[in-house]
Each structure stands twice: as structure tokens, then as C-alpha cells.
Protein chains: 2
Amino acid sequence: MKNFQPRIASIGIVLLVGVMLILTACSNQNDTAGDQTSEPSNFIILFADDLGYGDLGVYGHPTIRTPNLDQMAHEGLKWTNFYVGASVCTPSRAALLTGRLPVRSGMASPVNRVLFPDSRNGLPADEITLAEQMKKAGYATACIGKWHLGHREQFLPTNNGFDYYFGIPYSNDMDNVADFSSVGGYMGFWKSALRKDFHNFNVPLMRNTEIIERPADQHTITRRYTEESIRFIKENKDQKFFLYLAYNLPHVPLFASAEFENTSPRGLYGDVVEEIDHSVGQILATLRETGLDESTLVVFTSDNGPWLIMDDEGGSAGLLREGKGSTWEGGMREPCIFWAPGSIKPGIVTGIGSTMDLYTTFSRLAGVPVPDDRVVDGIDLSPALFEGKESPRNEMFYYRGDRLFAVRVGDYKAHFITRGGYSPAAIEHDPPLLFNLSEDPSEKYDIAADYPEIIEMIEEVVRQHNEGLVRGPDMLKDRGEP
Amino acid sequence: MKNFQPRIASIGIVLLVGVMLILTACSNQNDTAGDQTSEPSNFIILFADDLGYGDLGVYGHPTIRTPNLDQMAHEGLKWTNFYVGASVCTPSRAALLTGRLPVRSGMASPVNRVLFPDSRNGLPADEITLAEQMKKAGYATACIGKWHLGHREQFLPTNNGFDYYFGIPYSNDMDNVADFSSVGGYMGFWKSALRKDFHNFNVPLMRNTEIIERPADQHTITRRYTEESIRFIKENKDQKFFLYLAYNLPHVPLFASAEFENTSPRGLYGDVVEEIDHSVGQILATLRETGLDESTLVVFTSDNGPWLIMDDEGGSAGLLREGKGSTWEGGMREPCIFWAPGSIKPGIVTGIGSTMDLYTTFSRLAGVPVPDDRVVDGIDLSPALFEGKESPRNEMFYYRGDRLFAVRVGDYKAHFITRGGYSPAAIEHDPPLLFNLSEDPSEKYDIAADYPEIIEMIEEVVRQHNEGLVRGPDMLKDRGEP
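Residues numbered from 1 in each chain as written. Chains lettered and ligands numbered in written order. Predicted model: local features only at pLDDT ≥ 70, side-chain atom pairs only at ≥ 80, totals over all residues. Heavy atoms only, no water.

Draft legend 1. Representation of the confidence of the model for chain A in the model. Residue and element names in this part refer to chain A. This prediction gives chain A a mean pLDDT of 93; 92% of its residues lie at or above 70. Every residue in residues 1-6 is under pLDDT 50, and counting partners more than four places away or in other chains gives zero contacts. Note on residues 21-36: pLDDT under 50 across the span, and zero contacts to partners over four residues away in sequence or across chains. Taken together, the chains of this predicted complex give a pTM of 0.91 and an interface ipTM of 0.90. (pLDDT = per-residue confidence, 0-100. Contact = heavy atoms within 4.5 Å.)

Draft legend 2. Structural view of the pattern of salt bridges. Residue and element names in this part refer to chain A. If you walk through the whole model with that rule in mind, you get 60 salt bridges over all chains. Note that Asp377 is salt-bridged to Arg104, the shortest N-O span being 2.7 Å. With Asp377 in the loop between α10 (356-366) and α11 (382-386) and Arg104 in helix α4 (residues 102-105), the pair connects residues that are 273 residues apart, well separated along the chain. By the burial criterion, Asp377 is buried, and Arg104 matches it. Between Lys389 and Glu387 there is a salt bridge, and its shortest N-O distance comes to 3.0 Å. In this structure Lys389 comes out as exposed when scored by relative accessible area, which is 51%. Among the residues examined, Glu387 registers a relative accessible area of 46% and is labelled partly exposed. Members of the salt-bridge network, linked through shared partners, are Asp49, Arg93, Lys146 and Asp303. (Salt bridge = Lys/Arg side-chain N within 4 Å of Asp/Glu carboxyl O. Helix = DSSP H or I, 4+ residues; strand = E, 2+ residues; numbered from the N terminus. Buried < 20%, exposed > 50% of the residue type's maximum accessible area, 1.4 Å probe, protein only.)

Draft legend 3. Looking closely at the relation of the copies chain A and chain B. Overlay of chain A on chain B (RMSD 0.0 Å): rotation 180°, translation along the axis 0.0 Å. On the angle and the small slide along the axis, the relation comes out as a two-fold axis. Taking the C-alpha atom as reference, chain A places A:Gly60 closest to the rotation axis, 2.1 Å from it. (Least-squares fit on C-alpha atoms with pLDDT ≥ 70 in both.)

Draft legend 4. Inspection of the sheet that holds strand β13 (residues 412-418) of chain B at higher detail. Residues and elements named next belong to chain B. On the basis of which strands lie adjacent, the open sheet formed by four strands has the order β11-β12-β13-β14 and antiparallel pairing. If you trace the sheet from one side to the other, it starts and ends with β11 (395-400) and β14 (427-436), each paired once. On average, each strand axis in the sheet is inclined to that of its neighbour by 20°, with strand direction left out of account. Here β13 pairs with β14 via six bridges, running antiparallel. Within β14, the position partnered with His415 by the bridge is Leu433. (Pairing = 2+ DSSP bridges. Axes fitted to C-alpha atoms, helices over the stretch in contact; angles between N-to-C directions.)

Here is the structure:
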């Protein structure tokens, strides 16, 4: 027996080492598998235009039917405190694609709120867009839909990191060629039948840098954006890709396809949103069909709040105050759904997020460092997305043009200046108005008098913010031929 | 070969008949199985108090977390145009339990809007309650929670068809014994710390007809209602039952248990709603555990809109206008979820429904004819619940006290009189204000001038309604010792 013991011990050691090797291998395999499935490698941003916080079924609208977005929210993460970088189109899109507050890139101006068809400039060439970040990691990139960051050739998507562009270069209500004088001026036009004819909006539809249709047929435009997007996904299913699908609706003028027109109980605005919902359903179905649902992160949100002055052709911010153009919550808080069945568990996030965070989050996921030669405002939301942790964002800066109107820190928002989205007068507040947004999402109850220490804390945050602020040259002010 | 043909034919006929018999048997079996599972036989009404249209996650609230109700909605039918019979407690509950507009039963008055602790009367004995209907079919019945249809013995639940009662007989803010004079009167009281002590509300807790606790400990009351309800369900799992669980919260004063206090980002109101959500989760879990989920229909809704004058301790009507006490949508349209996994397919219903319809729907399902000696306003919603058809309801009458303020027919609502929930002045409108509620749920855009024919149509509906109207003697007006 004695002689046998060393042999048994040897056999034991060999077995033990073998088991350990196998366990290590399994463990490595698990880690590898974990890496492969735990974080997505493809990115899709679905970006609506002027959609309000309250305009989806899952965000409480009673008559707009959005079964695809409702299901997407049920399978994904529904964010209830998600912000855009500005309350109007151009600076909001600049924030999304640069990860920076528009005031830093010069895409915020005291003169013009957005770019117009006669604007000379666009997003500065030295801004590094999210698409340019993705190109560093070899991604296929496409921008389908509304751009609105400069329509002259050097500013177009294909000069900003996108391999491919199909869409309109600015808002769908621009190049308005109708005769306003016969219908009582600009606002009269929007009450007249003239708004229902897309020929009155001489907006170009472009492929890469070429105009392929003018005026763009806006009845079929959402369907065509969807088709282009599905084609891009299928063509790139074997490589990493980034798709930015920026619907140009439900921004007025509203146009639906024959399939959707006169179908929603909400009227034309509902037809248009329901057609976008249908498009989202088709995009997600394509991902499932191609097996890309496990490796793709899809984010749905909108560029700013509802255009309330358009009455029933504008949307609803639900219980939030005011809408597009304002720094009240209705102007800058948006529906937002993150969907990635392979890596994101369903739930609701009540913490703060921002479109600028997509820049930093996607960059980190793609393995591309964010630029270190400038301030990037985006924060990597991965802990909230993949680990069930709280959102790492605790602050939001609400600019109107180049002026800081309000700041949120945690639950508290201080308004230093308030102004309705389209009202003429700005009102300065000293002390600022103070609201607890978690308890009072409708910004009804000013509690400034009760919390001077919170106001002091926010004012300190503002001081630090201002110290680090380098304002880019105003890219929106120059218009007309040079 | 010739001789064989008849035999082959015979064999063929025998086989054919056999197959047909099998198919018929299968078909019958399916029908039987269909009958057994297609309609529920037990009924539970979960009735919140002063919960607003916008106060659940699935109805758009950003910071009140209601995972159980969200899931219930996802598994069931979420109604987005569901109404109560009145915008304050007593008449709303009368409508629910009688299936009749309160003006018919005398539970609507020009003098008092609700019953008070010194009120002499209650629901008339000759009204046939939903519980009395269920008793005709041998159901076990229980009322757990707030009653508010008369606190003197003859008016209590046990005299109105309920085998068992556990709860408070009127609102949780009544029997207010605090000294208002020291805190600036009644509204001052609601801003003072006195509101946070349940001893200032000397509300009795009753079991059947006995007071078992006074003042009721309101911190633990939701938990105790839940426990009583679960016990009732388990005790009656082998027979048909009807449970009416009427939470007395989030009506102010707000009280949460230690488990929920200071947990919701929405503050105390959120704590209270989240505790109710937890209770709903426990009720549904009990049904699943006992296997009763296949045979039980659960309906969650609330008695009226949010009590807006209570500021952040009142709820939110979301995008709807005004709240409790008013005939604007925020006063009378409520969250409503029908859940019956064995028979109801998930979905969203944008058609009209009413709490009064529960009376007629449950009666039909239980095989009990609705009374034919009086007008019953309830409509059997079965086609919308079980067959995926449109709701059969097309009209809603909005009474304030005993006066008809507004009428909805289809998409259109005409306001003949408007008044804020707690504002002093009623304003009469001739022509009435007219809103398209499907297109304009926030009642912002009066379209009366554009649709005189719709107003005429609604006025004709009002004439017919008035012709058939027999007003019950006012049961709310008499107060004090006789």
C-alpha cells in the first residue's frame, strides 16, 4: 500500500491540475462568452423630431398607438429623466453628435437658434463627431434622415464621419415657398390648406452630396428612410456598424403615407407618430431576422420637446411644463428607450441621462478613447445600462442659445432665467426659481425660499462650469451669400 | 375489382364518419375548454382613492415606480378612456356599486358633494348593489377598505350585499380633530406638521358593523387591507367570489408603512402609491399561487382624479386638464387595467369605458340579469374584453352634483358648464365648448364654431337623457342629529 501512495498522490495531483486547467479554460471561455454577449458592438440611434415627452403609449399618451415602442420599452430600459443638449433642432443635434454642449462648439448663438437654408456655416470641421469616433474603430457608418448641421458640402454628413447619407439637410418646414400674404402671414399659413402640400416646402432630398429630389416627397419619406436603414443594416451585418436614423417628423409640416393617413384617433399627428412606430418595429425586426439583436444597441429618443404653438399639429409634453424652445422640462426632457436584448435587462431608469452621453458610451463600447484635447460633456452610462446601477450623471445644463438658463443637480433644478419657448420676454430670477423635479416633475412649486443651501450648491456648480467654459465662435449667425 | 369497390366505398364512408366524429369531438372539447377558460367567474375590483390619470409608470409618471401595475397592464388591457361616475368620492362609489349615474340614486346633491361623518343617510336600501347582484349567484362577497356610502349601520356594506366588511366608513381626512386655529385655518392645517399625525384624524376602523380601532392607524392600513384581502381570497378559493378592495389612499392625509416611507423619488405621495402597487402585486401573486389567475378578472382603477389643491401631496392627471372635483377630463378619467390571464389578451383599449360598466359586465358573467325595473347605465364591456372588439360604450355624462356639466359622444365632448374642481364660479356656455378628446386629450382647442352639427347631435342626446331621467331624493343633504 505504501508504495502506491506516491503514485496515487501523483495521479491525484495530475487529476487536480487537469481539473483546474479545465475549470480555468471554462472560466476563460465564460469570460470570453461574457465579453461577447455582455456588451453590444453595433449602434443605432433612432432620433425623432419634435416628439414630446407624452407622445408615446408607454409614456402615457391615450390615443397615439405605439405598440412597437411600447414593446421596445418593455424589453429594454425606459428612461424617464433623459435630456437633449438644447431645446431646438440644430444645437440639439450638435450636442448628440459631438458629446458636447453646443456652446462649446459654437453651435449656439445669441442671434439665430438654428441653421437656415441661407446659413453659411455648420458644424466646425475640428469637432470630432460620434461617427468619426466610430470610424476610428473601423465601423461602417450611415446618416439617414435629417441633418441640420450645415447643408453646404463641407458640412454634410459625408464630411463628418458618415460613409453614407440619405436625407434632408435641414428642417422639413424650411424653403417655404408658399405665398403667406394670401393666408394672413406665417402663422396664418399654418392654419391654411397650403401647409398640406409638400410642394410648398422646397426641401431637397440628398444622397451623399447630391440632391436627388426637390421638393422631397414628404409623404413617403419615413418609409424611404426605413428602407434605406434596413438595407444598410443588412449590407453591414458581418461588420460593426453605426446607424444614425434621424426621422424629420413629427416636426410640422406633418405628412403620412397613404397607409397611415387618417388612421390614428389622434389625427394627423398620430398618423405620423404611428408611422414612425411602425418604422421602429421594422428596424427591430430586421435586427432579429439577421441575428444582430444580440450584438446591437438601439436607442430611441427625440431632438427636443413638442412644438406647442402648432396646436393640435404639435405634440404633448405630458405632465411636463412647456415645450420646444424652452428650458422648462417639456422643452428638453424626452422619451428615451435603450434596447439591447443581449445585454440590457428590462427596467425603468429614473436617473439622469443625456444624448451627449451616447457619444461617450458608444466610444467606450467601441474601444475608442474620447478626445482628451477638449471638454466632452458626455458620461459613460454603462453602469446604468449593463450593471443595473444608478446613472452616473448627476447634472444637466439647460442653455437657450448661448445663455445658461437653468441647471439641474440631482433632484433640484434652479432656473436663473425663464422664457416660454416662443414668448418674447426672458425673466431673470435672483434668487433663482428652485424645483425638486423628482417630487414635482411639472415644475409647479417653487421651493427656493426653503432651500438656500441647495441654491448655493448649484451656484457653485455654475461657477465651476463657467471657469472651464471655452465658447466656440458663433457658427449660426452668418447668413446670406458671403 | 368491381366487387371490391362497394367495400372500399364502405370502408371510405366508415373512415370518413370516424374522422368526422373525431373532429366533432375535438371541436366540442375545444368549445368546452373554451367555455371553461374564456370567461372569468371571480371578480376583484382594486379601487384607489384620488389617484390621477398620470400617476402610474405605465400611464407616464417619471418617478412613481409601479412595476406591479405596469406588469399587470402589460399582461392585461390598459384602458385610456375609462371614466368614473363622478369626480368626488361618494357619488363615484355609488356609481360603481349601482351601475347607475348618482343622480338616479339620490347620491348626488346640490348641497353636499359627499357624505360627512354627521350625514344622516347613505345609499338607499332599494338600490341593488353589485354585491347584491353577486349574492343572487351565490358569490362570497367582501368589501375591504373605504366605503363612504353611509356610515350608520343600515347603510354599511354588510347591509348592501357584502358578507364581510373591514375598513373605514368614510374618507381618511374626516373626523379631523386638530386645532386649525393655531395653524392658519383648514388649508394652513394641510401645510402644517399636524397633518402627519394620524391621531388628528379620528377615523374609525370597522369590522362588519363594529368599530375595532379609533383612530385607525393609517400607516399600516394598506398592509392590513392587503392581508384581509388575501385571507378572503384563500378562504374562498373553492367557490365563486367578489372582492371589492377600496384603498383609502393616496387620498390625503398620506401615510405609508415603515417599509415604504421615504423610499420613493416622488416623495410621500410616491411612497403611498408604491405601497399600493406592492399590494396589487401581492393580490395577483396570491391568485397565481392558488391557481385562481385563470378564473379571476381583476380591475384596477380609482374613484376620481388627483386632489390638485393639495399641491405635491396630491397626484397628477398627466396630460389631462384639471383634477378631482371637476368635469374636465382630469377629474373623471382614470387609469384602468383589466387583468384576466385566462381570458383577456394583452392590449390597449382607446374606446370609452366606465366604472358603471363593471356592474353590467360582472352581472352578465355571473349569469345574473341586471334589474329591469330601473335605468342601469352600465354597459357589458365583454366584446372589448374577450373578443378584441371595440368598446360598446359611446357616451359619457359628466355630472357635478346633480347638474349635468358635460357630455361626451364618441370623440366629442361638449361642456355646457365648466368649473374648476375647487373654484367658486361656474361658467355656463351657450353654445357649449366643444373638444375632440381623441385629437385633443388636454381640452385645449375649442372647436364649437367649426362643428355646429356635432353640438346639435350632442344636445339631442342630452334631451333624450333628460326625458328618461328620474332623480332620486337627495341622500346627501341631511346632516346632524335628526
